[in-house]
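Descriptive analysis of the structure
If you want the building blocks of each chain, they are given just below.
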Amino acid sequence: MGLALLLVIWLITFFSTYFFVAKTWWLPAGAAAAAPWIDHQFALTFVLMGIIFVAAQAALGWVVWKYRDQGAATKVDYSHGNTKLELIWTTLTAVLFVGLNLMGSHVWASERFEPAHEGSVKVEATGLQFAWYFRYPGMDNTYGRTKPELIDASAGGDAAVGLDTTDPAAKDDVVSGTMYLPVNREADLTLRAQDVIHSLFIPSMRFKQDAVPGLIIHMHFTPTETGDYEIACAELCGLGHYKMHGMLKVVSQLDFDKWLASKEAEKQ
Ligand SMILES: [Cu+2]
């Protein structure tokens, strides 16, 4: 029985680890400026935790087998354990945990707490059940006023975000169901949510941030390769959560300008 348990524990461990080593379900290739940093941090965390996980499970299997019932009717005695060993592994875990957090905090904070660079392109992402809308401030680079009472999700477009068209700053605002961004230019993102918490997840951009009702959250990232990238909602936000899918099209500056101009023309 002890041997059978050892085999089961080891088999589950090695079988499940295999998929991570073989990268069966891995992230798509990174296409943002911060992707190499984030991937490095991600890989480092994974390798360290993987080694610890495999070692701990291997040891568990071995202990289960070594201390199996061997039929001897000796009395079991209580052991407190080993204080020195407990201190060592608790300290090591704390050092590892705090260390990894400190290493990653720079990348994390630089996208959130530092403002976007001059010349970045402004985009506002609004999450609602169950779609993403993206708003561009237009020529004046100023977002027009929005009002909750003007929100009409079923109408889509301007009404979906509750744009107040009487505001002069709103005249040139462009609302789109697809996110367009020029390549190699920083995107200055503003995240909003209308109903419940959503999470804007663009795996190729290594971007994931919650959108919370009542909060305006700023973040920025720089796409470095043109192409079409999937957007998902990474927060279980209701029955239609699975279909809260969008697309990000990273295009040249010229194509971006053309697209924005055509959307402006549509509004006139
Ligand atoms: Cu959602």
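Residues numbered from 1 in each chain as written. Predicted model: local features only at pLDDT ≥ 70, side-chain atom pairs only at ≥ 80, totals over all residues. Heavy atoms only, no water.

Once that is clear, we can look at the packing of aromatic side chains. If you walk through the whole model with that rule in mind, you get 13 aromatic pairs. With a centroid separation of 5.2 Å and an interplanar angle of 85°, the aromatic rings of Phe15 and Phe19 are classed as edge-to-face. Highlighted residues: Phe15 and Phe19, both in helix H1 (residues 2–21), separated by 4 residues, approximately one helical turn. Geometrically, the ring pair formed by Phe42 and Phe46 is tilted, given 5.2 Å between the ring centres and 45° between the ring planes. With Phe42 and Phe46 both in helix H2 (residues 35–66) and 4 residues apart, this pair spans about one turn of that helix. Judged by relative accessible area, which is 34%, Phe42 ranks as partly exposed. One aromatic cluster in this structure is built from Phe15, Tyr18, Phe19 and Trp25. (Phe/Tyr/Trp six-rings, centres within 6.5 Å; stacked < 30°, edge-to-face > 60°. Helix = DSSP H or I, 4+ residues; strand = E, 2+ residues; numbered from the N terminus. Buried < 20%, exposed > 50% of the residue type's maximum accessible area, 1.4 Å probe, protein only.)

Bound to the copper ion on the protein side are His198 (ND1), Cys233 (SG), Cys237 (SG) and Met244 (SD), at distances that span 2.1 to 2.5 Å. One can describe the site at the copper ion as tetrahedral: its 4 donor atoms subtend angles covering 94 to 122° at the metal. Donor residues for the copper ion sit on one chain with the sequence pattern H-x34-C-x3-C-x6-M. (Donors = N, O, S within 2.8 Å, 3.2 Å for Na, K, Ca; no water. Tetrahedral: all angles 85-135°; square planar, octahedral: opposite > 155°, others 65-115°.)

The next thing to look at is the nonpolar core. One finds Tyr136, Met179, Leu200, Ile202 and Met205 to be the most contacted residues of the largest nonpolar core, which totals 35 residues. When residues of this core are assigned to their parent elements, the largest contribution, 4 residues, is made by strand E5 (residues 187–193). What Leu200 contacts, discounting residues up to four positions off in sequence, is Ala125, Trp132, Phe134, Leu189, Leu191, Phe207, Lys208, Gln209, Ile231 and Ala232. (Core = buried A, V, L, I, M, F, W, Y, C linked by side-chain atoms within 4.5 Å. Contact = heavy atoms within 4.5 Å.)

What follows deals with the sheet that holds strand E2 (residues 131–136). Taken in spatial order, the 5 strands line up as E3-E2-E1-E5-E8 in an open sheet, and their pairing is mixed. Only two strands of the sheet have a single neighbouring strand rather than two, namely strand E3 (174–176) and strand E8 (217–221). Strand-to-strand twist across the sheet, computed as the mean angle between neighbouring axes with direction ignored, equals 25°. Each of strand E1 (121–128), E2 and E3 is contacted by helix H5 (residues 253–267), which is oriented at about 105° to E3, the strand it contacts most. (Pairing = 2+ DSSP bridges. Axes fitted to C-alpha atoms, helices over the stretch in contact; angles between N-to-C directions.)

Two pairing modes exist for strands in a sheet, parallel and antiparallel, and in both the strands are linked by backbone hydrogen bonds. Read across the open sheet, the 5 strands follow the order E4-E10-E9-E6-E7; overall the sheet is mixed. The strands lining the two open edges of the sheet, one partner per strand, are strand E4 (179–182) and strand E7 (207–211). The average undirected angle you get between the axes of adjacent strands in this sheet is 20°. Summarising the sheet, strand E6 (residues 198–202) and strand E9 (residues 227–233) pair through 2 bridges and their orientation is antiparallel. Bridging across to E9, Phe201 finds its partner in Ala232. On the sheet, H5 packs against E4 and strand E10 (245–251) and is oriented at approximately 140° with respect to E4.

Before going further, it helps to spend a moment on the pattern of salt bridges. Here the structure, examined in full by the defined rule, presents 7 salt bridges. Put simply, Asp39 and Arg206 hold a salt bridge, and the shortest N to O gap is 2.5 Å. Residue Asp39 is located in helix H2, and its partner Arg206 is located in the loop between E6 and E7; the two are separated by 167 residues in the primary sequence. According to the relative accessible area criterion, Asp39 is partly exposed, its value standing at 26%. The partner of Arg145 in a salt bridge is Asp164, with the nearest N and O atoms 3.0 Å apart. Highlighted residues: Arg145 in the loop between E2 and helix H4 (157–160) and Asp164 in the loop between H4 and E3, separated in sequence by 19 residues. One salt-bridge network, in which partners are shared between bridges, spans Glu124, Arg135, Asp173 and Arg192. (Salt bridge = Lys/Arg side-chain N within 4 Å of Asp/Glu carboxyl O.)

A few words on the domain arrangement of the protein. One frequent convention defines the size of an interface as the accessible area lost when the parts assemble. Considered domain by domain, the protein is made up of domain 1 (2–66 + 88–112) and domain 2 (121–267). If you look at the interface, domain 1 gives 13 residues, while domain 2 gives 15 residues. Here domain 1 and domain 2 share an interface that buries about 1,200 Å² over both sides, 51% of which is from carbon and sulfur atoms. In terms of surface lost to domain 2, no three residues of domain 1 exceed Ala31, Glu111 and Arg112, which account for 47% of the buried area on that side. Where domain 1 packs against domain 2, one counts 1 salt bridge. Across the contact surface, domain 1 and domain 2 share 8 residue pairs in polar contact (both at pLDDT 80 or more). With 3 residues, the single largest contributor to the side of domain 1 that touches domain 2 is H2. Looking at the side of domain 1 that touches domain 2, its residues break down into 8 nonpolar, 2 polar and 3 charged. (Domains from an automatic or database assignment. Buried area = accessible area lost by both parts, 1.4 Å probe. Polar contact = N/O pair within 3.5 Å; in protein donor to acceptor, adjacent residues only side chain to side chain. Nonpolar A, V, L, I, M, F, W, Y, C, P; charged D, E, K, R; others polar.)

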